[in-house]
Amino acid sequence: MKLPVSTEWVLHCATTLAQLEPGVTASAAQLAAYYDLPAPYLAKQLQGLVKAGVLAATTGPRGGFRLAKPASEITLLHVVEAVDGASSPYECQEIRQRGRGALPAEDCRNACVLAAKMAGAHEAWRRTLAAESLADVVAQLPPTAVGRTRSLMAATAAALRRTP
């Protein structure tokens, strides 16, 4: 399974927001500058997280994005599905019933074995992501990461305010 690069972006941005003091926001421009990402495209991805209830957005000079609920209540699956959807990446086309190797209809009454295995793998992947919250991820960061992130995000916000 290959996810779009934007999935990595939103996972990192959500993790960054989870490291900020409660109530502190970060703008899309701030997060884009922090990670050297294209701001308009990142803003669109962040809006997907707002629609899904992962992030909350505020407007105005101090506006931006923040987590919509505690980091312990937001799983990696919430973030991934907010931008990539919940559908399985594998869709069985029943090719076992086509071509020269087509199986007889009576041998295809049960679900395709390969489709069942792929569905099981997808469910295992979803369970793994659902078992990890943003708080779990932050807890596994190096001890200096949260302080460093807060400091650098504040400096990035200040630099953006000075830029005409």
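Quick caveat, the model's predicted, so the values are computed rather than measured.

S.K.: What is the right way to read helix H1 (residues 5–19) from this model?
M.R.: Counting along an α-helix, one turn takes 3.6 residues, and residues three or four places apart therefore face a common direction. Helix length check: H1 (15 residues) gives 22 Å between terminal C-alpha atoms against 21 Å at 1.5 Å per residue, within 8%. H1 sits mainly inside the fold: eleven of its 15 residues count as buried. For H1, the full list of buried residues reads Ser6, Thr7, Trp9, Val10, Cys13, Ala14, Thr15, Thr16, Leu17, Ala18 and Gln19.

S.K.: Looking at this structure, I do not really get a nonpolar patch on the surface. What am I missing?
M.R.: There is a patch of nonpolar side chains on the surface, built from Tyr90, Leu114 and Met118 and spanning about 290 Å² of accessible area. With respect to the helices and strands, the residue Tyr90 is situated in the loop between helix H4 (76–84) and helix H5 (113–130). Residue Tyr90 is classed as partly exposed on the basis of its relative accessible area of 34%.

S.K.: Which parts of the structure should I look at to understand the side chain of Gln45?
M.R.: Considering the arrangement of structural elements, one finds Gln45 in helix H3 (residues 39–51). What makes Gln45 buried here is its relative accessible area of 9%. When neighbours within four sequence positions are excluded, Gln45 is seen to be in contact with Ser6, Val10 and Val83.

S.K.: Would you take a moment to explain the pattern of salt bridges for this structure?
M.R.: When their charged atoms lie close together, side chains carrying opposite charge are able to pair. Across all of its chains, the model carries four salt bridges by this definition. Here Arg126 makes a salt bridge to Glu81, at a shortest N to O gap of 2.6 Å. A residue pair is termed long-range when its members are at least 10 positions apart, and Arg126 in helix H5 and Glu81 in helix H4 qualify at 45 residues. What makes Glu81 partly exposed here is its relative accessible area of 22%. Between Arg126 and Glu123 there is a salt bridge; the shortest N-O distance is 3.8 Å. Of the two residues, Arg126 and Glu123 both sit in helix H5, three residues apart, roughly one turn of that helix. We classify Glu123 as partly exposed; its relative accessible area is 36%.

S.K.: What's the story with the environment of Ser88 in this structure? I'm lost.
M.R.: Mapped onto the elements, Ser88 comes out in the loop between H4 and H5. Expressed as a C-alpha distance, the spacing of Ser88 and Ala121, which sit 33 residues apart in the sequence, is 9.7 Å. Reaching out from Ser88, the side chain makes a polar contact with the backbone nitrogen of Tyr90 at a distance of 3.2 Å.

S.K.: Just checking my understanding: could you explain the packing of helix H2 (residues 28–35) against helix H7 (residues 145–162) for this structure?
M.R.: For any two helices packed against each other, one specifies the inter-axial angle together with the distance between the axes. Contact geometry for H2 and H7: axes closest at 9 Å, N-to-C directions at 115°. Seen along the crossing, H2 lies across H7 with a hand that is right-handed. Where H2 abuts H7, its residues Ala29, Gln30, Leu31, Ala33 and Tyr34 lie against Arg148, Thr149, Leu152, Met153, Ala154, Thr156, Ala157 and Leu160.

S.K.: I'm lost on H7 in this one. Help?
M.R.: Taking 1.5 Å per residue as the helical rise, H7 with its 18 residues ought to reach 26 Å, and the 26 Å between its terminal C-alpha atoms agrees with that figure. Restricting attention to buried positions, one finds in H7 the residues Ala145, Thr149, Met153, Thr156, Ala157 and Ala158.

Thresholds, definitions, all that
- Residues numbered from 1 in each chain as written.
- Predicted model: local features only at pLDDT ≥ 70, side-chain atom pairs only at ≥ 80, totals over all residues.
- Heavy atoms only, no water.
- Helix = DSSP H or I, 4+ residues; strand = E, 2+ residues; numbered from the N terminus.
- Expected span 1.5 Å × (residues − 1).
- Buried < 20%, exposed > 50% of the residue type's maximum accessible area, 1.4 Å probe, protein only.
- Patch = residues over 30% accessible without salt bridge, like charges linked within 9 Å, V, L, I, M, F, W, Y side chains within 5 Å.
- Areas by Shrake-Rupley, 256 points an atom, 1.4 Å probe, with all protein chains shown as cover.
- Salt bridge = Lys/Arg side-chain N within 4 Å of Asp/Glu carboxyl O.
- Contact = heavy atoms within 4.5 Å.
- Polar contact = N/O pair within 3.5 Å; in protein donor to acceptor, adjacent residues only side chain to side chain.
- Axes fitted to C-alpha atoms, helices over the stretch in contact; angles between N-to-C directions.
- Left-handed = near helix turned anticlockwise from the far one by under 90°.

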